[in-house]
Amino acid sequence: MHFASARRSSRSRPFLGVSSLRVPSLRRRASDAVELMDDPDCDPDKLASTYANFRFVNTVVSGWRGMYRRDIRPLLSKTRENTLLDVGCGGGDVARALARWAARDGLRLRITAVDPDARAHAYATSLPPLPGLTFRRALSSDLVAERRRFDVVVSNHVLHHLTGEQLGGLLADSERLAAHRVLHADIERSRFAYLGFGLGTWPLFRRSFIRDDGLTSIRRSFTAAELCEVVPPGWQVTREHPSRLVLRREVPAGPASAGLASAVSASGSVLADTASASVSFPVRRDRRNGRSRSGEPEGAHVHERGQANDSEARVRDVIVVGGGPVGILLAGLLAVRGVDVEVIEQRGKPSLRSRAIGIHPPSLRALDQLGVAEEVLARAVRIRGGVVRSDGRTLGRLAFTETVDRMQSVISLPQFETEAVLRARFAELAPGRLRGGVTVTGVSERGDRVAVETATTVETAKPGGTGGTVEGVGTVGTGGEILEARYVVAADGARSLVRDLLGIRCTARTGGETYLMSDYPDTGEHPGEAVLFFERGGVVESFPLPGGRRRWVAMTPTLQTDATSDDLAALIRARTGTQLPPTTAAASAFSVQQRLATSLVAGRVVLIGDAAHQISPIGGQGMNLGWLDALQLAPALERALRDPEAASGVLGDYDRRRRRSARMAARQADFNMAMGGPVQGLRLRARNGLVRALAAPPASAMLARAFTMRWL
């Protein structure tokens, strides 16, 4: 039972016991309800427990053993190899059960189980392998494009995630992929199912998402009558028992293009991991076959990966304003989902300034979804832990968990190198869709679209990049145009022009602290460690960088814009006694400001990254927080585009969740800066005592989780 996709609906409450189990209205599908596992930052322990327990739940309620005996086994042979495809396999429990049953019966069955979700794929492949069973992180359209055929195509508990149009995409793919039989099994929405599941799971699965998400899945499910109304001819809906439906198709003899498949292009539909669900599903056909969505204006012709026919006037799905790391990551995640996306950036060339360097495990998941995590890991250096020192003594150490899963690493890579990887990937996904030298001068909503007025950017130059490089600075020129999109995302930084044009205010939290930073050759004294020097005059921080370098940051009493790297080295030597080697890198002074936009959504315009929230860079949260915004906004926008009725709900949920995360990050940054401030006497001793306590178990585990952003 793959109760996939999982965040709890904002209108539902967790069911803690039998007395609190109240049956909601089930007259209509709660198609906008979301489940806990949809959250890309959900508790990984609960997620693993959920995957592990699916097999027990499926044994009781899914009915696959009976379908295997009745519908699958008669098609299989002991002498000829047969093939089966499990679409949206989640943690793989149904595929593994089918493989075991076929092997027990001496039948030759090769199973391919596909799911694009990285978390589900990682769990499925972590289990002991079974002969004949292969897991792939793939889309259904990938298999159609590969001209794959399977004797049997199945899915388990996928249908309740689909609208009628999306269901057509699934059935179209199924017809193209299946040589003999298709079986799509799902829950049927009913009071019997809701009460039975709620009561049956009440004392169980406390450390998983199964109960809450199962109840939400039942609310999202079809009834038999509803399913019959939306499936095309040739498909049969059967009720296995009062809470289970099976959608079947016997593939007729003849060309593979017979029936519904002849009505769609060979590219089929995409299998999208909506809101990073653990079980994903095919979405509408127009993303891959060039057909317009229902209600899309004339001239909008979507092609492979959402590419447009640029020879005609058209409306993009999404325009992202800002080509920094957050904007480019979001655009890439949208392009992977088949969304027609374009990025406009004020600067003509990427920035080479020395800025963010830390990348935390939640961000690696976002990079993995885009397909660039391994390249980033290969370029980066791993930070294995941290050490806190004061007056030449070690106050405590913090170890970041060692694991074979590299996606759980804390790594360091200069922002401009990370950005280069993201830009290269976006260029592969959407060639020519990053336009530099464009400044936004106006934003206005026009019904179901947003008009973006632009002008070309005339670049001047000023020093200030890493190593004395010259940084381009944009000024508004002439010769712009008006662009249109269904949605616009402002990823244009802390001084966001789009945010100002919309009149969205920012609430100041704390700030005003000043720092000086630069990069130096690594002395090798603290290999693989971040070092915090909590000294009387203020904190000094040091982090490893690739290529035998280290980033050094020191709190300063005032903003020292004219200071050099030699000045910073002298300050560090005076506070910590550390003698730094000479460097050619320029020093950079900055003042910390912490602000949060009063709203992240204004109609069809959404704020993300520094445009939405400005967080102190002390602690390495800023860029990572923006990436987590992108990880949640990409599936939200994808759903808003394909299901306009749900748009306000999913974007409102994005607003609430990301503002909450930003407030948490700001509080953590406040703590970081307060701990690093200059202190003397009794306050110094009290602070050092607190550091020792926090660096010892059990507080150290919580602190490590906080500093690696696992709770955001």
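All residue numbers here refer to positions counted from 1 along the written sequence of the relevant chain. With pLDDT at 70 or above as the cut-off, local features in this predicted model cover only qualifying residues; side-chain atom pairs require 80 or more to be listed or tallied, and sums for whole chains, interfaces and linings still use all residues. Values reported for side chains reflect all heavy atoms of the structure, with hydrogen atoms and water molecules removed beforehand.

**Examining the packing of helix α2 (residues 64–72) against helix α3 (residues 93–104)**
- Look at α2 against α3: their axes get within 11 Å of each other, and the N-to-C directions meet at 50 degrees. Between α2 and α3, the interaxial angle falls into the category oblique. The two elements α2 and α3 cross, and the hand of that crossing is right-handed. Of the residues in α3, those in contact with Trp 64, Arg 65, Tyr 68 and Ile 72 of α2 are Val 94, Leu 98, Trp 101, Ala 102 and Arg 104.
- Each residue is assigned to one class: nonpolar for Ala, Val, Leu, Ile, Met, Phe, Trp, Tyr, Cys and Pro, charged for Asp, Glu, Lys and Arg, and polar for all the others, Gly among them. Its residues assigned to classes, the contact of α2 with α3 comprises seven nonpolar, no polar and two charged. Between N-to-C directions, angles span 0 to 180 degrees; the directions come from axes that are lines fitted to C-alpha atoms, helices contributing only their stretch in contact. Only runs of H or I of at least four residues qualify as helices and only runs of E of at least two qualify as strands under DSSP, and these elements are numbered from the N terminus. Our angle categories are set so that under 35 degrees counts as roughly parallel, over 145 as roughly antiparallel, 65 to 115 as roughly perpendicular, and the remainder as oblique. The crossing is said to be left-handed when, going from far helix to near helix, the turn is anticlockwise and less than a right angle, and right-handed when the turn is clockwise. Any pair of residues with heavy atoms lying within 4.5 Å of one another is described as a contacting pair.

**Describing the pattern of salt bridges**
- We count a salt bridge whenever a side-chain nitrogen from Lys or Arg sits within 4 Å of a carboxyl oxygen from Asp or Glu. Counting across every chain of the model gives 32 salt bridges.
- Among the salt bridges present, the one from Asp 105 reaches Arg 104, with a minimum N-O distance of 3.3 Å.
- Type-normalised accessible area, obtained with a 1.4 Å probe on protein chains alone, sets the label of each residue: buried when under 20%, exposed when over 50%, and partly exposed for intermediate values. Residue class for Arg 104 comes out partly exposed when judged on its relative accessible area of 48%.
- In this structure, Arg 446 and Glu 484 form a salt bridge, with 3.6 Å as the shortest nitrogen-oxygen distance. Note that Arg 446 is positioned in strand β18 (residues 438–446) and Glu 484 in strand β21 (residues 482–490), a separation of 38 residues in sequence.
- Residue classification places Arg 446 among the partly exposed positions, given a relative accessible area of 41%.
- Three or more residues joined by partner-sharing salt bridges are found here, namely Arg 316, Asp 340, Glu 342, Arg 433, Arg 435 and Glu 481.

**Here's the deal with the confidence of the model for the protein**
- Confidence of the predictor at the level of single residues is captured by pLDDT, which takes values from 0 to 100. On average, residues of the protein carry a pLDDT of 78, and 77% of them reach 70 or more.
- Per-element confidence in the protein is highest for strand β28 (residues 605–607), whose mean pLDDT is 97, and lowest for strand β9 (residues 281–282), whose mean pLDDT is 30.
- Below pLDDT 50 for its whole length, residues 1–20 participates in 85 contacts with residues either more than four positions away or in separate chains.
- With pLDDT under 50 throughout, residues 254–313 is counted as low confidence; its partners more than four residues away or in other chains account for 204 contacts.

**Considering unusual backbone geometry**
- The phi torsion at Arg 147 lies on the positive side, around 60 degrees, for a residue other than glycine.
- Mapped onto the elements, Arg 147 comes out in the loop between α5 (140–145) and β4 (150–156).
- A positive phi is found at Asp 391, a non-glycine position, where the angle reads about 55 degrees.
- With respect to the helices, strands and loops of the structure, Asp 391 is situated in the loop between β14 (385–390) and β15 (393–399).
- Residue class for Asp 391 comes out partly exposed when judged on its relative accessible area of 35%.

**Considerations on the sheet that holds strand β16 (residues 411–412)**
- Strands qualify as paired when DSSP identifies two bridges or more between them. Taking strand neighbours across the sheet as the criterion, the three strands line up as β12-β16-β13 in an open arrangement whose pairing is antiparallel. Only two strands of the sheet have a single partner each, and these edge strands are β12 (358–359) and β13 (381–382).
- Where β12 lies against β16, two bridges are found, and the strand directions are antiparallel. Following the sheet pairing, Ile 359 is matched in β16 by Ile 411.

**Describing the nonpolar core**
- By nonpolar core is meant a set of buried Ala, Val, Leu, Ile, Met, Phe, Trp, Tyr and Cys residues that side-chain atoms within 4.5 Å join together. If you look at the biggest cluster of nonpolar residues, it comprises 69 residues, and the most contacted ones within it are Val 318 and Leu 367.
- With 10 residues, helix α17 (residues 622–642) is the largest single contributor of residues to this core.
- Every residue in contact with Val 318, bar those within four places of it in the chain, is listed here: Leu 334, Val 339, Asp 340, Val 341, Glu 342, Ala 485, Tyr 487, Val 489, Leu 637 and Leu 641.
- Grouped together as the second largest cluster of nonpolar side chains are 26 residues, Leu 76, Ala 97, Ala 124 and Leu 183 included.

**Brief notes about the packing of helix α11 (residues 325–336) against helix α12 (residues 361–370)**
- Between α11 and α12, the shortest axis-to-axis distance is 9 Å and the interhelical angle comes to 45 degrees. On the basis of the axis angle, α11 is oblique to α12. In this structure, α11 crosses over α12, and the sense of that crossing is left-handed. Contact with α11, carried on its side by Leu 329, Gly 332, Leu 333 and Val 336, involves Ala 366, Leu 367, Gln 369 and Leu 370 of α12 and no other residues of that element.
- Split into classes, the residues belonging to the contact of α11 with α12 amount to six nonpolar, two polar and no charged.

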